[in-house]
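Descriptive analysis of the structure
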Amino acid sequence: MVRHAKASTEMIRLPADVVRALRRRAATADISIAEAARQLMQPTDVQHPLGLLEHVAWLHTRLVRRREDLVSVFEDGVADAKAVERAIDALAVLLKEWPEETGYDFPAHGMGQPQ
């Protein structure tokens, strides 16, 4: 007789608002629903501040990776889809021209957006 191991995961039914929050988090952070659930279960006081250059690089990378989705959204909304390319190109120029030492005053201006 074949012996079946007990499942290591358990299926549960989540309330609709929790499902919406997980899907929204997964879509906005470009991660899986499982990773969104892990993040939402972590303490809210945990922050991973990005510097200004890192924030620009992160945004550029994310826009490039989701280019097709963004163009589709703009086209569906009857908006100028070329704005996506202009934004990506502008961030690329900003990254290319970024000076080595900016003298950016972090205490005065902040570290960027927490993740």
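Now for a quick tour of the structure.

Rules behind the numbers
Residues numbered from 1 in each chain as written. Predicted model: local features only at pLDDT ≥ 70, side-chain atom pairs only at ≥ 80, totals over all residues. Heavy atoms only, no water. Salt bridge = Lys/Arg side-chain N within 4 Å of Asp/Glu carboxyl O. Helix = DSSP H or I, 4+ residues; strand = E, 2+ residues; numbered from the N terminus. Buried < 20%, exposed > 50% of the residue type's maximum accessible area, 1.4 Å probe, protein only.

Remarks on the pattern of salt bridges
- Using the criterion set out here, one finds three salt bridges in the structure.
- The residue E85 makes a salt bridge to R67 at a minimum N-O spacing of 2.7 Å. Taken together, the residues span a long stretch of sequence, with E85 in helix α5 (residues 82–97) and R67 in helix α4 (residues 67–76) at a distance of 18 residues.
- According to the relative accessible area criterion, E85 is partly exposed, its value standing at 29%.
- Of the charged contacts, one joins D80 and R86 as a salt bridge, the two residues approaching to 3.0 Å between their closest N and O atoms.
- A residue is classified by how much of its surface remains accessible, and R86, at 48% relative accessible area, is partly exposed.

Keep in mind that these numbers describe shape and distance, not what the molecule does.
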